[in-house]
Amino acid sequence: MQDLPDQLANGLALGALYGLIAIGYTMVYGIVQLINFAHGEIFMIGGFGALTAYLWLPEGTGLVVALPLMILLGVVCATLVGVGAERFAYRPLRGGPRLSPLITAIGLSLALQQAVWSFYPDAKKARPFPQFSGGDFDLGFVSLSREDLFIFVAAPVCMIALGVFVAKTRTGRAMQATSQDPDTAKLMGINTDRIIVMAFAIGAAFAAIAAIAQGFKTGEVSFRMGFIAGLKAFTAAVLGGIGNIYGAMVGGLVLGVAEAMATAYIGDIPGLEQFGGGSWKDVWAFVLLILVLLIRPQGILGERLADRA
Amino acid sequence: MALLEVEDLRVAYGKIEAVKGISFRVEAGEVVTLIGTNGAGKTTTLRTLSGLLKPVTGKITFDGQVLNGVGAHKIVAMGLAHSPEGRRIFPRLSIEENLQLGAFLRRDGDAITKDIQRAYELFPILGERRKQAAGTLSGGEQQMLAMGRALMSQPKLLMLDEPSMGLSPIMMQKIMTTIRELKAQGTTILLVEQNASAALSLADHGHVMEIGKISLSGTGQELLHDESVRKAYLGED
């Protein structure tokens with residue numbers, strides 16, 4: 001187990017990525033009690049937006065120079081799709097039966113996948129994503145892979161910005177009020193429709209940043225990438241306590257580390273050799289989800305749902 | 001012209017009509033009360049006035065403007081505040097944050113700070129616990145917070161829905177005294193109550209609601225001494 005620090009770093013990078021996507025699920029759920037199953041595809045579109053920006057630039061542009069533009073276009077594309085989905089797919093169904101928006105979300109998820117598959121050039125197979133050149137950073141006790149550096153910077157920046165926004169600004173407080181009691185929030189003069197749009201937009205922007213991180217990590221983007229990532233992030237959101245933004249990040253980190261540890265070490269346990277290695281890694285996420293749902297259904301940071309007076 | 005004028009208001013949940021054509025008015029400076037049993041349509045009426053529900057028919061005029069079709073968050077801006085049934089404070093925000101949200105549409109920072117101070121003078125217990133999560137307050141304290149929060153928007157008309165519900169007799173006294181104080185300061189109030197004697201004794205006008213209709217109207221004193229009201233709502237034989 002000499003490589004434990006490296007595996008831990010790897011798990012944290014993966015977990016921060018899941019956490020960033022999970023924030024989108026949890027914010028939308030916290031405000032409209034909707035699981036936006038198209039969120040994985042919004043993440044994927046963010047990845048393609050970033051790739052498009054890179055391809056626009058003249059060949060040979062350094063990745064560090066290209067990165068701001070990639071982030072910008074990725075975030076813009078994902079946010080437009082996220083906000084558009086809210087406006088044209090979910091809002092007309094608000095106030096109706098709970099099942100309708102859920103079915104719509106699944107349909108939207110398939111439609112977005114197929115749209116990218118059909119219309120994005122050469123997207124029928126995975127498209128290569130630009131890579132940083134150079135080796136790992138050796139910090140002595142742990143070596144960080146170069147492609148993980150992005151998420152190690154981006155995730156804390158996003159989390160801190162969101163935390164300050166929610167706790168300190170007028171709009172952030174309106175957002176908390178809307179998630180705690182939407183009708184009463186309206187009575188305060190809060191335009192709750194705008195708050196809902198904002199939750200979708202922030203979630204989409206964070207997902208786009210996560211998609212860039214995943215592009216660096218795996219070296220590709222594909223129309224299918226949103227499915228497993230979305231499912232994992234949803235698991236992270238439930239694990240952390242759905243509706244709680246810090247829970248989403250904590251859930252993501254726990255999930256990422258658990259996945260990395262299980263992949264690396266379960267095969268070493270006598271008798272469990274056949275469960276080791278990467279082909280089982282997606283299983284551990286859902287084993288963890290099932291355990292949490294059995295032992296602590298409200299999630300790690302979740303509160304037990306109290307009845308409203 | 002009355003501050004609030006409601007004409008032939010009908011409200012339905014799906015096919016079930018909860019308010020079946022009521023009309024009443026509230027003059028500036030008055031306290032008007034709607035009394036009646038559970039399910040009479042009092043809360044539905046208030047929720048329609050503040051824009052949370054849409055009427056089937058009828059006209060609502062407030063301060064010279066028609067409210068039909070106006071969104072709830074815009075109605076507050078026009079000066080109609082609503083302290084809802086069940087208090088509905090934001091449980092995970094602090095007392096102070098709840099009060100600040102009451103002033104969400106105001107941009108006059110200094111005056112807001114002053115008004116928060118005034119709320120603490122009106123309800124000292126809120127001032128002592130200003131940083132505490134509102135969900136940890138007792139029922140009566142939550143009611144004070146809900147009223148204080150509604151006042152923070154500097155309303156022309158304050159609607160209070162069942163402020164005495166679920167409170168101990170002492171706390172109920174305290175809330176009623178506060179409503180009396182607000183009235184003395186010139187606040188216009190539309191008060192919905194199941195506690196008919198308390199509401200009628202401080203109201204200028206009252207209306208008795210029965211299954212979606214107004215069955216009887218009069219001054220507070222008239223209704224308080226009315227034979228049928230005494231029998232039905234004040235528990236006398």
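Residues numbered from 1 in each chain as written. Chains lettered and ligands numbered in written order. Predicted model: local features only at pLDDT ≥ 70, side-chain atom pairs only at ≥ 80, totals over all residues.

An unreviewed UniProt entry annotates chain A as Branched-chain amino acid ABC transporter permease of Streptomyces iconiensis. The Sequence similarities (unreviewed entry) field of the UniProt record for chain A holds the comment "Belongs to the binding-protein-dependent transport system permease family. LivHM subfamily." Turning to chain A, the UniProt record has this under Subcellular location (unreviewed entry): "Cell membrane". (UniProt positions renumbered as here; feature names shortened; annotations may be inferred.)

Enquirer: Kindly report on the overall build of chain A, identifying the contributing residues and their values.
Expert: Within chain A, the secondary structure is distributed over 11 helices and 4 strands. Taking 2.2 N^0.38 as the reference for a compact globule, 309 residues should give roughly 19 Å; the C-alpha atoms of chain A span a radius of gyration of 20 Å, in line with that estimate. Here the C-alpha coordinates of chain A stretch approximately 55 × 50 × 35 Å along the principal axes. Burial analysis of chain A (309 residues in total) assigns 47% to the buried set. Taking as baseline every contact in chain A between residues at least 6 positions apart, the subset at least 24 positions apart corresponds to 75%. (Helix = DSSP H or I, 4+ residues; strand = E, 2+ residues; numbered from the N terminus. Rg over C-alpha atoms; globule rule 2.2 N^0.38 Å. Buried ≥ 20, exposed ≤ 12 C-beta atoms within 10 Å, placed from the backbone. Contact = placed C-beta atoms within 7 Å.)

Enquirer: Would you mind going over the overall build of chain B in detail, with residue names and values included?
Expert: Counting secondary structure elements, chain B contains 10 helices and 10 strands. Over its C-alpha atoms chain B spans a radius of gyration of 17 Å, differing by no more than 12% from the 18 Å that the globule rule assigns to 237 residues. C-alpha extents for chain B along the principal axes are approximately 45 × 40 × 35 Å. For chain B, the proportion of its 237 residues judged to be buried stands at 46%.

Enquirer: Account for the nonpolar core, naming residues and giving values.
Expert: In this structure, Leu20, Ala207 and Ile209 of chain A are the most contacted members of the largest nonpolar core, which totals 162 residues. Setting aside residues up to four positions removed in sequence, Ile209 of chain A forms contacts with Leu20, Ile71, Val75, Ala154 and Cys158 of chain A. (Core = buried A, V, L, I, M, F, W, Y, C linked by C-beta atoms within 7 Å.)

Enquirer: Please set out the pairing of strand E2 (residues 16-26) of chain B residue by residue, giving values where relevant.
Expert: Along any regular strand, the residues point their side chains to alternate faces of the sheet. All names here are of chain B. Note that strand E1 (residues 4-13) and E2 share 8 bridges and pair antiparallel. For Tyr13, the partnering residue across the bridge sits in E2 and is Ile16. Linking two consecutive strands that pair antiparallel, namely E1 and E2, is a turn of 2 residues; a positive phi of about 60 degrees is found at Gly14 within it. (Pairing = 2+ DSSP bridges.)

Enquirer: Residue-level account of the interface of chain A and chain B, with values.
Expert: If you look at the interface, chain A gives 15 residues, while chain B gives 21 residues. Where the side of chain A that touches chain B is concerned, the elements lending two or more residues are helix H6 (170-180) and helix H7 (182-187) of chain A. Taken together, the residues of the side of chain A that touches chain B sort by class into 6 nonpolar, 5 polar and 4 charged. (Nonpolar A, V, L, I, M, F, W, Y, C, P; charged D, E, K, R; others polar.)

Enquirer: Talk me through the packing of helix H1 (residues 4-32) of chain A against helix H9 (residues 225-240) of chain A; I want residue IDs and the actual numbers.
Expert: All names here are of chain A. Packing of H1 against H9 brings their axes to within 8 Å, and their N-to-C directions diverge by 70 degrees. With respect to H9, the element H1 is oriented roughly perpendicular. Contact with H1, carried on its side by Tyr18, Gly19, Ile21, Ala22, Tyr25 and Thr26, involves Ala229, Gly230, Lys232, Ala233, Phe234, Ala236, Ala237 and Gly240 of H9 and no other residues of that element. Residues of the contact of H1 with H9, tallied by class, amount to 9 nonpolar, 4 polar and 1 charged. (Axes fitted to C-alpha atoms, helices over the stretch in contact; angles between N-to-C directions. Parallel < 35°, antiparallel > 145°, perpendicular 65-115°, else oblique.)

Enquirer: Which residues make up the sheet that holds E2 of chain B, and what values go with them?
Expert: Read from one edge of the open sheet, 4 strands run E2-E1-E4-E5 (chain B), paired in antiparallel fashion. Whereas interior strands pair on both sides, the edge strands pair on one side only; in this sheet they are E2 and strand E5 (65-66) of chain B.

Enquirer: So what's going on with the sheet that holds strand E6 (residues 80-83) of chain B? Residues and values would help.
Expert: All names here are of chain B. The strand order across the open sheet formed by 6 strands is E6-E7-E8-E3-E9-E10, and the pairing between neighbours is mixed. At either end of the open sheet lies a strand with only one pairing partner, and these are E6 and strand E10 (213-219). Taken over all neighbouring pairs, the strand axes of this sheet differ in orientation by 15 degrees on average, direction set aside. When strand E7 (residues 157-161) meets strand E8 (residues 188-193), the two strands line up parallel, connected through 5 bridges. Following the sheet pairing, Leu158 is matched in E8 by Ile189.

Enquirer: Residue-level account of the pairing of strand E3 (residues 31-35) of chain B, with values.
Expert: Residues and elements named next belong to chain B. With 5 of its 5 residues buried, E3 lies for the most part within the structure. Side-chain alternation along E3 places Val31, Thr33 and Ile35 on one buried face and Val32 and Leu34 on a second face that is also buried. When E3 meets strand E9 (residues 205-210), the two strands line up parallel, connected through 4 bridges. Looking at the pairing, Val32 lines up with His205 of E9.

Enquirer: Residue-level account of helix H1 (residues 42-49) of chain B, with values.
Expert: Residue and element names in this part refer to chain B. For H1, the tally of buried residues reaches 8 of 8 residues, placing the bulk of the element in the interior. Among the residues making up H1, those that are buried are Lys42, Thr43, Thr44, Thr45, Leu46, Arg47, Thr48 and Leu49. Following H1 by one or two positions, Gly51 adopts a phi angle in the positive range, close to 90 degrees.

Enquirer: Requested: an account of the environment of Ala213 of chain A, with residues and values cited.
Expert: All names here are of chain A. Note on placement: Ala213 falls in helix H8 (residues 192-218). Remark: the alpha-carbon pair of Ala213 and Asn191, spanning 22 residues in sequence, is separated by 34 Å. Not counting chain neighbours up to four residues away, the residues in contact with Ala213 comprise Leu17, Phe150, Ile151 and Ala154.

Enquirer: Please give an account of unusual backbone geometry that cites residues and values.
Expert: All names here are of chain B. If you check the backbone angles, Asp8 has positive phi at about 45 degrees while not being a glycine. Examined against the element boundaries, Asp8 turns out to sit in strand E1. According to the C-beta neighbour criterion, Asp8 is exposed, with 12 such atoms within 10 Å. A positive phi angle, close to 70 degrees, is found at Arg87, a residue other than glycine. With respect to the helices and strands, Arg87 occurs in the loop between E6 and helix H3 (95-102).

Enquirer: Residues and numbers for the environment of Gly46 of chain A, please.
Expert: Residue and element names in this part refer to chain A. Relative to the elements of secondary structure, Gly46 occurs in helix H2 (residues 39-56). Here the alpha-carbon distance between Gly46 and Leu72, two residues 26 residues apart in the chain, equals 9.6 Å. In this structure Gly46 touches Gly74, Val75, Cys77, Ala78, Ala207, Ala208 and Ala211, once residues within four positions along its chain are discounted.

Enquirer: Pulling in residues and values, what's your account of the UniProt feature "transmembrane region" (unreviewed entry) in chain A?
Expert: Residues and elements named next belong to chain A. The UniProt record marks residues 12-32, 39-57, 63-90, 102-120, 149-167, 195-216, 246-266 and 278-295 with the feature "transmembrane region" (unreviewed entry), using the residue numbering of this structure. As a span, residues 12-32 carries 100% helix and 0% strand, and end to end its C-alpha atoms are 30 Å apart. Annotation note: span residues 246-266, helix share 95%, strand share 0%, distance between end C-alpha atoms 29 Å.

Enquirer: Got a sec to walk through the packing of H3 of chain B against helix H6 (residues 139-151) of chain B? Specific residues and values, please.
Expert: Residue and element names in this part refer to chain B. Put simply, H3 and H6 touch, their axes get as near as 7 Å, and they point 35 degrees apart. Seen along the crossing, H3 lies across H6 with a hand that is right-handed. Side by side, H3 and H6 meet where Ile95, Asn98, Leu99, Leu101 and Gly102 of the first sit next to Leu145, Gly148, Arg149 and Ala150 of the second. When grouped by side-chain class, the residues that make up the contact of H3 with H6 number 5 nonpolar, 3 polar and 1 charged. (Left-handed = near helix turned anticlockwise from the far one by under 90°.)

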